[in-house]
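Structural characterization, general
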There are 2 protein chains.
Amino acid sequence: MQVAGAIRNRLPAICIDVTSGNGPYSGTTSRSLLEISLRYPVSEVSHPSLVYLKCGFQESIMETESHSTFLLEFHTEKNKFSSPDELIAPIKELLEKDIGEVKEVYRRCSDESVNVILDCDMKSIVTLQLKSSGLVLMNIDIDGQHSSTFNQELAKKFETDVKGKLAAVASKSICPIKRGGPLDRFRYLTSSDERLLEYDVDHVVADVRSPFQHIQILHTINFGNLLVLDDLQNLAESDLVYTETLIQRGKIDYTGKNILILGAGDGALLWELLKEGPNMVTMVEIDETVMKLCSQHLRSACGSALDSTTGPHHQIIVGDCLTELDKLKSQSVLFDFVFSDLTDIPLSIKPQNKEWQFLLDVMEKSLSVLKPDGQFLTHGSGVSSVQSLADFESHLNNLEPPVEFKRCQAFVPSFMEDWVFYQVSKTPNNK
Amino acid sequence: MQVAGAIRNRLPAICIDVTSGNGPYSGTTSRSLLEISLRYPVSEVSHPSLVYLKCGFQESIMETESHSTFLLEFHTEKNKFSSPDELIAPIKELLEKDIGEVKEVYRRCSDESVNVILDCDMKSIVTLQLKSSGLVLMNIDIDGQHSSTFNQELAKKFETDVKGKLAAVASKSICPIKRGGPLDRFRYLTSSDERLLEYDVDHVVADVRSPFQHIQILHTINFGNLLVLDDLQNLAESDLVYTETLIQRGKIDYTGKNILILGAGDGALLWELLKEGPNMVTMVEIDETVMKLCSQHLRSACGSALDSTTGPHHQIIVGDCLTELDKLKSQSVLFDFVFSDLTDIPLSIKPQNKEWQFLLDVMEKSLSVLKPDGQFLTHGSGVSSVQSLADFESHLNNLEPPVEFKRCQAFVPSFMEDWVFYQVSKTPNNK
């Protein structure tokens, strides 16, 4: 059920499980659900499905201001200063000017560095790290309520002033890290090579934990709704290029073919393949909650593909892909194409020491249900994950029986990265 | 002069001005230039042009390890803890386990927050902010030499452990901010709406200050060489879509037309327009250094367009666009198209209180040298800079004589944003 007249605003939505008839929330009204949602914080509600509240009631607790952390660095000349105070004194002076009265509350000295803690007018704690190399690192924490008195503009000016006073040869202040505000813990995601990316999330559409993973759907101005699984960007409404590159649209003919999809719970791959005139697409996805949420909130990507588990040209099996691959193999079913579009982190029930083992098992079993002239299609990683891609290709090169593969890449908007895709065929010798 | 046999590596390059024959570096050899480059840090060398050193000599000073700053937040239940120590004690315990012996060195209490400074085994200073709302903010600074003992993997585990101990309803740790390493101050750039983006910079191609701006060319794995002017992403080798959308390729016929370009020192706009069969493209760019650097390092974007200031279908004027517009107006020269592709921040000599005034002056003067049926084409900002775009459109709507405009947008890879472009025409009434 969807609460009627829910107020569209910039606040996180809350999903609560009411589908299990004997659960603690069965038979509750939308009003009492609202009350529950206030008592049971979002991330503690397990395996929810689709009671979707987006309500002004949360405003009072959620609409807190962001606290800001400013991180600065200055490169000074190593041997220019005879004592740390020659560096610290001018910094104190500028802090006094821009923030308020400065009290030094701690200093620790070693051969490699001097660490100094300054308490600025009860408004901010400032930490200074003076490295023996001449590097000066500074952290300035600003309380939300003081964010107007020390903002990014002032920080930039402060940086220039400090750079001048220290005669630093280079300096950098990065734009403030926003923390503790209602959307702040949703803003920051990581690229495939562990770079920090801040997203323009303007509201949280869903934030739930299924038995398998942490599922978030975040609305961003640039990418529309963005599906995030276990803190990894999975697919956004902007990302048709992901699916089109994965299926090699225009280069492969799927007419009348039998296709197996592993994963791809967002439904976009199924939706795009159904446009290609296949005979039958079988999709195996472990997480029903992902499918339900995407069917509702990622509809521009998955269309009506997830509305029904069966159709004239598709069937969706809710289950573990390894188990289902074994079943298919035992039934001697063969496919023209197998797609692996699983999340990067194995969803296996038993924890794997080697992350790769899961993917290798998937690949090996996939090849065993593939026709001799069939293709296995999968995604790799971001182009900047050079080592990770090399490892994957080395695994492909070592498969028995051997395979041939091609790779291509496409810039996926919501990933903010060029992504690599693989097309794997059994070698001619094994045909 | 380019130093022969320069070693291509991941270290910053250094540019030094040797073109002014009477300057302090005139007559120096490449070896002494290298020595100069070590003594005169990059950013202090003014108005350099194209002596380009990329040398292993710098390794010893530049190849320092990154220091890491981990920022975490925990959302706890406001009224659950009777004293701050109920929160601080378990955090201390986990820090002892993961980093080392913890000594509390400072505590400040107010109605709104408790701030605590912990010194962990002389390896790390940890600051804790406990807010009365139940929010806990934590900063952990890790010295480069200890980065293997507390890395991102451990930080993630630490986050989970603290979340559990505090029974926090939500938590977040963002991937560590890298600081002080040779490439760290080049990594972090900002989107148009002041979001933090980390780039996969693997070497610095150029880093110089011209009389007009700070010019950087950074090599990234995802986007190739990226031109950065005054800390703003300008154009990368990946960004043909920027130029194609600006010129509305395929939608506007430039054959035999007379075109004026303001700015666009990277040369990509000139290069692409020259492919469209124009009669004459006149380009006015104030900063010769940008053009020289792009001609050398952004060649896949600008081709040979900047190799010569005149050609059969183009001329490049090095000068201030407002001055040149006045000249053109006084000569009654009219253009079919005027492009404004200036940096977002005014390059005017006199500082402008209102940033907009410069752009408005450009626009007004541009319209005055435009044929009645001509078009003024320019870029706006990122789609998430909603207010900034609205302001710009409001200015367009208030122009006298009035104009008509259309907008479109395209995702520009190196900006990691959807960018807005405008096509402005004098209204039919003024034709």
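What you see is a predicted model; the values in this text were computed from it and never measured.

Re the overall build of chain A
Across its full length, chain A carries 12 helices and 23 strands. Counting every position in chain A, which comprises 431 residues, the buried fraction comes to 59%. Sequence-distant contacts in chain A: of pairs separated by 6 or more residues, those separated by 24 or more amount to 62%.

Remarks on the relation of the copies chain B and chain A
With an RMSD of 0.0 Å, the fit of chain B onto chain A corresponds to turning through 180° and sliding 0.0 Å along the axis. Interpreted geometrically, this transformation is the action of a two-fold axis. The rotation axis passes nearest to the C-alpha of Leu197(B) in chain B, at a distance of 2.4 Å. Comparing interface residues between copies, 100% of those in chain B also lie at the interface in chain A; the contact surface is shared.

Considerations on the UniProt feature "active site" (unreviewed entry) in chain A
Residue and element names in this part refer to chain A. With numbering matched to this structure, UniProt assigns "active site" (unreviewed entry) to Asp341. In this structure, Asp341 sits in strand β20 (residues 335-341). Apart from residues lying up to four places away in sequence, Asp341 is in contact with Tyr242, Leu246, Leu262, Gly263, Ala264, Leu269 and His379. A polar contact of 2.6 Å, which involves the side chain of Asp341, links it to the side chain of Tyr242.

A short note on the sheet that holds strand β14 (residues 224-229) of chain B
Residues and elements named next belong to chain B. What the four strands build is an open sheet, ordered β12-β13-β14-β15; its pairing is antiparallel. Every interior strand has two partners, whereas the edge strands, β12 (201-209) and β15 (232-236), have only one. Neighbour to neighbour, the strand axes of the sheet diverge by 25° on average, direction disregarded. Relative to strand β13 (residues 214-220), β12 runs antiparallel, the two being bridged by seven bridges. Counted as the bridge partner of Asp207 is Gln216 from β13. Here helix α8 (residues 288-297) sits on the sheet in contact with β12, β13 and β14, set at roughly 15° to β13.

Things to note about the pairing of strand β8 (residues 170-173) of chain B
Residues and elements named next belong to chain B. With burial as the criterion, each face of β8 is covered, one bearing Ala170 and Lys172 and the other bearing Ser171 and Ser173. In this structure, strand β3 (residues 67-75) lies alongside β8, joined through four bridges in antiparallel fashion. Within β8, the residue paired with Leu72 across the bridge is Ser173.

Some remarks on the interface of chain B and chain A
At the junction of the two partners, chain B supplies 70 residues and chain A supplies 70 residues. Around 6000 Å² of area is buried between chain B and chain A when both sides are counted, 56% of it from carbon and sulfur atoms. Taken together, the links from chain B to chain A amount to six salt bridges. Viewed at the interface, chain A and chain B are joined by 32 residue pairs in polar contact (both at pLDDT 80 or more). Per element, the largest residue contribution to the side of chain B that touches chain A is six residues, and it comes from β3(B). Classifying every residue of the side of chain B that touches chain A gives 29 nonpolar, 15 polar and 26 charged.

Remarks on the environment of Tyr254(B)
Residues and elements named next belong to chain B. With respect to the helices and strands, Tyr254 occurs in the loop between α6 (240-246) and β16 (258-263). Since its relative accessible area comes to 0%, Tyr254 is described here as buried. Between the alpha carbons of Tyr254 and Glu276 there is a distance of 5.7 Å; along the sequence they are 22 residues apart. Filtering out sequence-adjacent residues up to four positions away, Tyr254 remains in contact with Ile247, Ile259, Leu273, Glu276, Gly277, Pro278, Phe337, Phe339 and Leu377. A distance of 2.7 Å separates a polar side-chain atom of Tyr254 from the backbone oxygen of Ile247.

Details of the environment of Lys103(B)
On the secondary structure map, Lys103(B) appears in strand β4 (residues 102-109). For the pair Lys103(B) and Leu118(B), spaced 15 residues apart in sequence, the C-alpha separation works out to 5.6 Å. Setting aside anything within four residues of it in sequence, one finds Lys103(B) in contact with Tyr106(A), Ile117(B), Leu118(B) and Asp119(B).

Some words on the packing of aromatic side chains
This structure, assessed with the given rule, holds 23 aromatic pairs over all chains. Relative to Tyr422(A), the ring of Phe405(A) lies with its centre 5.8 Å away and its plane at 70°, an arrangement referred to as edge-to-face. Note that Phe405(A) is positioned in strand β22 (residues 403-412) and Tyr422(A) in strand β23 (residues 417-426), a separation of 17 residues in sequence. Arranged with centres 5.7 Å apart and planes meeting at 65°, the rings of Tyr242(B) and Phe415(B) form a pair that is edge-to-face. Residue Tyr242(B) is found in helix α6, and its partner Phe415(B) is found in the loop between β22 (403-412) and β23 (417-426); the two are separated by 173 residues along the sequence. For Tyr242(B), a relative accessible area of 5% translates into the label buried. On the accessibility criterion, Phe415(B) (4% relative accessible area) is buried. Three or more aromatic residues joined by ring pairs make a cluster, and in this case those are Tyr199(A), Phe223(A), Phe411(A), Tyr199(B), Phe223(B) and Phe411(B).

About the cut-offs
- Residues numbered from 1 in each chain as written.
- Chains lettered and ligands numbered in written order.
- Predicted model: local features only at pLDDT ≥ 70, side-chain atom pairs only at ≥ 80, totals over all residues.
- Heavy atoms only, no water.
- Helix = DSSP H or I, 4+ residues; strand = E, 2+ residues; numbered from the N terminus.
- Buried < 20%, exposed > 50% of the residue type's maximum accessible area, 1.4 Å probe, protein only.
- Contact = heavy atoms within 4.5 Å.
- Least-squares fit on C-alpha atoms with pLDDT ≥ 70 in both.
- UniProt positions renumbered as here; feature names shortened; annotations may be inferred.
- Polar contact = N/O pair within 3.5 Å; in protein donor to acceptor, adjacent residues only side chain to side chain.
- Pairing = 2+ DSSP bridges.
- Axes fitted to C-alpha atoms, helices over the stretch in contact; angles between N-to-C directions.
- Buried area = accessible area lost by both parts, 1.4 Å probe.
- Salt bridge = Lys/Arg side-chain N within 4 Å of Asp/Glu carboxyl O.
- Nonpolar A, V, L, I, M, F, W, Y, C, P; charged D, E, K, R; others polar.
- Phe/Tyr/Trp six-rings, centres within 6.5 Å; stacked < 30°, edge-to-face > 60°.

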